[in-house]
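Tertiary structure, described
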Amino acid sequence: MLRETELLESFSVADLYAWAVGLPDLPQQLDQGSTFGEPPLTLYWGKRFVVDAYTWFSSTTSIHQHAFTGAFGVLEGGSVHTTYGFVEEERINSRLQRGRLDVREVEFLRRGSVRAIRARREFIHSLFHLEHPSVSVVVRTQRDDEYNPQYSYLHPGISFDPFFMDRVNGRSDEILRALARVDPERYADVVADLVGGSDLATAFFMVLNAHRALLEHRQLFAQVQDRALSVHGKRLEPFVAALDRQVRDRHLTLLRKKITDPELRLFIALLLNVPTGDRILALLGARFPGTPAGRKATELTGALLEEASLGFSLDPLQMELFELALQKLPFERMLDEIKRSYDDDDVERARPTLTRFLSDLSKQPIVAPLFA
Ligand SMILES: [Fe+2]
């Protein structure tokens, strides 16, 4: 219906807001306290289905599934949309499973794009909004208990109930979050003790909460994690791997917050979501058909490193080397290529510096996905 009516092309986001504030009363809102959307807005409330509009100025959605069916369409802005498959390998309980999360498809959505939403694991997805604001309209059924829980996912393969995560210790979760802000050291001690006496699933949820609460206190977080590992051993290791991946992604997610340039945001979206360098290059090639994908990736990497203020930037020679490295050429072949445009002796003299450059580069978490 969303697609056929061309409804999304018939009004702007400003029209939508003006219409909503002009109503004598807003329709019943789907979830008054929800933070999903900046803001979320229910446009139509029915017993069987609702129509919502979600505005996003900066946020990105987690990898998640749904306890309802319907469709969403882009009213304003654009997004990188990724869909996933999950194969369950170990069911810890109904709140937590371990398995394999694979990226199925990565695509660009723009104004007018419409996609179906299916319930459960048939449709696992994430959205990374490229423009500010990005607004989507969702036509959907009411939440169906049969489809609960609405799992979220972490790479490389964790499926968990995020609504349970917020209330793993009942009321105490709020107190723990407050304690983390008041006295992070005391918080780490308390959580380490709680984790020491918990079952595997509860320990994971507490460690995940601690991971978020102690983002600025990695040493303290390491204490909590070590305690959990000492109690649960090897069974907890895949869950810890998921947190390591989050740490890797954090450099990019922090950059995402401060960068507004759509091309750079698109590049960050690809680095965060696309598992291999080859696929990133293929998507860049599709998005920027006028420029070779390796060149585009190199230019964007140069700009990103500058924005990241890591004390790491690319001069023209390094740019050339980087582009060749993306082709995964052996080092000697790269030097031969560079000698076409630079003096042979100069390149030979620069050999140790270039070797070090490539080794330092491979350790930069920001660019690591390009070489995967
Ligand atoms: Fe969704």
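Throughout, a residue's number is its position along its own chain's written sequence, starting from 1. At least 70 in pLDDT is required for a residue's local features to be given in this predicted model, at least 80 for side-chain atom pairs to be given and counted, and no such filter applies to totals for whole chains, interfaces and linings, which use all residues.

Focus on the overall build of the chain
- Comment: elements are numbered from the N terminus, with helices defined as DSSP H or I runs of at least four residues and strands as E runs of at least two. Helix and strand counts for the chain come out as 15 helices and eleven strands.
- Overall size of the chain, expressed as C-alpha extent along the three principal axes, is 75 × 55 × 40 Å.
- A residue is called partly exposed when the number of other C-beta atoms within 10 Å of its own lies between 12 and 20, exposed at 12 or fewer, and buried at 20 or more, with C-beta atoms placed from the backbone. Counting every position in the chain, which comprises 372 residues, the buried fraction comes to 30%.

Focus: the domain arrangement of the chain
- How far each domain reaches was decided by an automatic or database domain assignment. Considered domain by domain, the chain is made up of domain 1 (2-148), domain 2 (172-249) and domain 3 (276-371).
- If you look at the interface, domain 1 gives five residues, while domain 2 gives four residues.
- Looking at the side of domain 1 that touches domain 2, the elements with two or more residues in it are strand S5 (78-93) and strand S6 (96-110).
- Split into classes, the residues belonging to the side of domain 1 that touches domain 2 amount to two nonpolar, one polar and two charged. Two residues qualify as being in contact provided that their C-beta atoms, derived from the backbone, are within 7 Å of each other. Gly counts as polar in this scheme, as do all residues outside two lists: the nonpolar Ala, Val, Leu, Ile, Met, Phe, Trp, Tyr, Cys and Pro, and the charged Asp, Glu, Lys and Arg.

Things to note about the packing of helix H11 (residues 293-308) against helix H12 (residues 316-326)
- One way to put it is that H11 packs onto H12 with a least axis distance of 9 Å and a crossing angle of 130°. Here H11 is positioned oblique relative to H12, judged by the angle of their axes. Classified by chirality, the crossing of H12 by H11 is right-handed. Residues Gly 294, Arg 295, Ala 297, Thr 298, Thr 301 and Gly 302 of H11 form the contact with H12, whose own contacting residues are Met 319, Phe 322, Glu 323 and Leu 326. Fitted lines through C-alpha atoms give the axes, limited to the stretch in contact for helices. The angle between two N-to-C directions lies from 0 to 180 degrees. Comment on the angle field: the value is read as roughly parallel under 35 degrees, roughly antiparallel over 145, roughly perpendicular from 65 to 115, and oblique elsewhere. It is the rotation of the near helix from the far one that decides the hand of a crossing: anticlockwise by less than a right angle makes it left-handed, clockwise makes it right-handed.

Comments concerning the sheet that holds strand S4 (residues 70-76)
- Spatial strand order, S1-S2-S9-S4-S7: five strands in an open sheet with antiparallel pairing. For this open sheet the edge positions go to strand S1 (40-45) and strand S7 (114-117), each flanked by a neighbour on one side alone. In this sheet, neighbouring strand axes are inclined to one another by 20° on average, regardless of whether the strands run parallel or antiparallel.
- In this scheme, strands are said to pair when DSSP sees at least two bridges between them. Judged from the eight bridges that link them, strand S2 (residues 49-56) and strand S9 (residues 134-141) form a sheet pairing that is antiparallel. Of the residues in S9, the one forming a bridge with Trp 56 is Ser 134.

So, the pairing of S9
- Of all eight residues making up S9, six are buried, and the element is well covered by its neighbours.
- Pairing of S4 with S9, which is carried by six bridges, proceeds in the antiparallel orientation. Paired with Gly 73 across the strands is Val 137, a residue of S9.

Brief notes about the sheet that holds strand S8 (residues 120-129)
- Read around the barrel, six strands follow the order S3-S8-S5-S6-S11-S10 and close on themselves; strand pairing throughout is antiparallel. Direction aside, the axes of adjacent strands within the sheet are offset by 40° on average.
- Note that strand S3 (residues 63-66) and S8 share two bridges and pair antiparallel. Of the residues in S8, the one forming a bridge with His 64 is His 125.
- Across the sheet, helix H9 (residues 262-273) touches S5, S6 and S8, and the angle it forms with S5 is around 15°.

Observations regarding the environment of Lys 296
- In this structure, Lys 296 sits in helix H11.
- Those residues in contact with Lys 296, other than ones at most four positions away along the chain, are Leu 284, Phe 288 and Thr 291.

Here we look at the nonpolar core
- Working definition: the nonpolar core is a set of buried Ala, Val, Leu, Ile, Met, Phe, Trp, Tyr and Cys residues, joined through C-beta atoms within 7 Å. With 34 residues, the main nonpolar core has Ala 269, Leu 270, Ile 280 and Ala 297 as its most contacted residues.
- For this core, the secondary structure elements donating two or more residues are S8, helix H8 (237-258), H9, helix H10 (277-287), H11, H12 and helix H13 (331-339).
- If you tally residues by element for this core, the top one is H9, at seven residues.
- Counting contributing residues per domain, this core is built from domain 1 (2-148) and domain 3 (276-371), each supplying no fewer than three.
- Apart from the residues lying within four places of it in its own chain, the contact partners of Ile 280 are Leu 270, Leu 271, Val 274, Ala 297, Pro 369 and Leu 370.
- In terms of nonpolar packing, the next biggest core, distinct from the first, is built from 31 residues, Ala 188, Val 195, Met 206 and Leu 208 among them.

Focus: the pairing of S6
- Sheet topology note: the S5/S6 ladder contains 14 bridges and is antiparallel. Residue pairing for S6: Arg 91 is matched across the bridge by Gln 97.
- The turn linking S5 back onto S6 is made up of two residues.
- Bridge count between S6 and strand S11 (residues 158-160): three bridges; the pairing is antiparallel. Following the sheet pairing, Arg 98 is matched in S11 by Ile 158.

Description of helix H15 (residues 351-362)
- The span one expects for a helix is its residue count, reduced by one, times 1.5 Å. An ideal rise of 1.5 Å per residue puts 16 Å on twelve residues; H15 measures up with 17 Å between its terminal C-alpha atoms.
- In terms of burial, H15 is a largely surface element, one of the twelve residues being buried.

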